[in-house]
Amino acid sequence: MRSFKIVLTASLLLAFAGTAAAQSTCLYFSEYIEGTGYNKALEIYNATETDIDLSLVSVELYPNGASTPSATVSFGGVLHNGDVFVIGHAMAYAAITGQSDVLYNGSVVNFNGDDTVVLKLGGSIVDVIGQVGLDPGTAWGVNPCTTLDHTLVRAVDVCCGDTVTSDAFIPAASWVCSAVDTFGFLGLHASNCQAVANDDAAWGAVKSMYR
Ligand SMILES: [Ca+2]
Ligand SMILES: [Ca+2]
Ligand SMILES: [Ca+2]
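On a predicted model such as this, the values are computed, not experimentally measured, just so you know.

> Teacher, can you tell me more about the pattern of salt bridges here?
Pairing between side chains of opposite charge can happen when their charged atoms approach one another. For the structure on display, the rule yields three salt bridges. Residue Lys40 pairs with Glu34 through a salt bridge whose shortest N-O separation is 2.8 Å. Judged by its relative accessible area of 7%, Lys40 is buried. Taking the relative accessible area as the measure of exposure, Glu34 reaches 3% and is therefore buried. Where Lys120 meets Glu60, a salt bridge forms, and the shortest distance between an N and an O atom there is 3.1 Å.

Now the structure itself:
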């Protein structure tokens with residue numbers, strides 16, 4: 001979320017809105033890293049087309065089939081439209097900690113494959129990784145796309161999260177899995193969902209005009 005603030009003219013905004021693909025008004029998890037050691041992270045993507053007060057956002061961890069969370073966190077500041085907010089483990093590699101907006105030594109990033117993470121906005125569930133109340137054994141999914149020893153990036157055509165916490169979770173259905181300790185996708189997200197393009201990626205050229 002460490003973004004460079006710019007002011008766009010109305011005509012420029014309209015030009016970009018005109019290139020819109022699908023449209024989204026959602027906040028959802030865009031990345032999940034469960035790597036070696038403490039290499040764990042969550043990335044939240046703001047595709048709501050408006051800036052979000054992070055005090056309205058919370059994340060909960062439901063470990064090992066639990067029906068109640070073992071940890072709940074909320075945040076401060078503003079997450080701009082198209083930007084991501086990264087929650088990293090404090091003992092992770094620098095590739096994670098350097099991209100993180102907040103670090104925890106455990107808490108909601110204390111998952112190891114068989115746990116469930118829930119994202120809420122204004123107290124309402126807007127996304128879930130896993131299934132609340134069920135222990136999958138070692139991980140959700142089947143190799144090569146599971147929540148253990150993989151990096152999961154939300155598919156570009158996913159425009160909203162999974163708001164049903166009680167049904168089966170199949171990572172390959174809406175995530176793209178990469179090998180253990182893949183860190184290169186952390187800190188930005190590309191999607192086809194926003195009328196306004198991704199703040200960090202697609203807007204790079206526009207930003208450069210103002211530098
Ligand atoms: Ca666990
Ligand atoms: Ca679900
Ligand atoms: Ca990402």
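> In this structure, what is going on with the sheet that holds strand 13 (residues 150-154)? I would like to understand it.
Strand pairing in a sheet relies on backbone hydrogen bonds, with the paired strands running either antiparallel or parallel. Taken together, the six strands give an open sheet; going across it, the order is 8-7-2-1-13-14, and neighbouring strands pair in mixed fashion. At either margin of the open sheet sits one strand with a lone partner, and together these are strand 8 (102-104) and strand 14 (175-178). Recorded for the sheet is a direction-independent mean angle of 20° between the axes of neighbouring strands. Here strand 13 runs beside strand 14; their pairing, made up of four bridges, is antiparallel. Bridge pairing in strand 14 places Val153 opposite Val176.

> Mind showing me how you'd approach the coordination of the calcium ion (ligand 1) here?
Geometry sets the ideal angles at a metal, namely 109.5 degrees for four tetrahedral donors and 90 or 180 degrees for six octahedral donors. Here the calcium ion (ligand 1) is held by Asn64 (OD1), Asn112 (OD1), Asp114 (OD), Asp115 (OD) and Asp115 (OD), and the distances to it run 2.3 to 2.6 Å. Each donor residue of the calcium ion (ligand 1) belongs to the same chain, with the gaps between them written as N-x47-N-x1-D-D.

> Even after reading the chapter, I still don't get the side chain of Ser191, so can you show me in this structure?
With respect to the secondary-structure elements, Ser191 resides in the loop between strand 14 and helix 3 (204-208). Note on Ser191: relative accessible area 18%, which makes it buried. Among the polar contacts listed, one links the side chain of Ser191 to the side chain of Tyr45, at a separation of 3.1 Å. A polar contact is formed between the side chain of Ser191 and the backbone nitrogen of Cys193, at a distance of 3.2 Å. If we skip the residues at most four places from it in the chain, Ser191 touches Tyr28, Tyr45 and Val156.

> How should I be thinking about the packing of aromatic side chains in this particular structure?
Centre-to-centre distance and the angle between the planes together describe a pair of aromatic rings. The full count for this structure, using the stated rule, is five aromatic pairs. Residues Trp140 and Phe169 carry aromatic rings whose centres are separated by 6.4 Å and whose planes lie at 85° to one another, so their mutual orientation is edge-to-face. Here Trp140, found in the loop between strand 10 (124-129) and strand 11 (141-142), pairs with Phe169, found in the loop between strand 13 and strand 14; they are 29 residues apart in sequence, far enough to count as distant. Trp140 sits in the buried class, given a relative accessible area of 4%.

> What exactly am I supposed to notice about the pairing of strand 7 (residues 84-89) here?
Side chains on a regular strand alternate between the two faces of the sheet. Counting buried positions along strand 7 yields six of six residues, so the element is predominantly enclosed. Residues of strand 7 alternate between two faces, with Val84, Val86 and Gly88 on one and Phe85, Ile87 and His89 on the opposite face, all of them buried. With five bridges connecting them, strand 2 (residues 40-47) and strand 7 associate as antiparallel partners. By the bridge assignment, Ile44 is partnered in strand 7 with Phe85. Sheet topology places strand 7 next to strand 8; three bridges connect them, and they run parallel. Each bridged residue has a counterpart across the sheet, and for Ile87 the counterpart in strand 8 is Val102.

Cut-offs used in this document
Residues numbered from 1 in each chain as written. Chains lettered and ligands numbered in written order. Predicted model: local features only at pLDDT ≥ 70, side-chain atom pairs only at ≥ 80, totals over all residues. Heavy atoms only, no water. Salt bridge = Lys/Arg side-chain N within 4 Å of Asp/Glu carboxyl O. Buried < 20%, exposed > 50% of the residue type's maximum accessible area, 1.4 Å probe, protein only. Pairing = 2+ DSSP bridges. Helix = DSSP H or I, 4+ residues; strand = E, 2+ residues; numbered from the N terminus. Axes fitted to C-alpha atoms, helices over the stretch in contact; angles between N-to-C directions. Donors = N, O, S within 2.8 Å, 3.2 Å for Na, K, Ca; no water. Polar contact = N/O pair within 3.5 Å; in protein donor to acceptor, adjacent residues only side chain to side chain. Contact = heavy atoms within 4.5 Å. Phe/Tyr/Trp six-rings, centres within 6.5 Å; stacked < 30°, edge-to-face > 60°.

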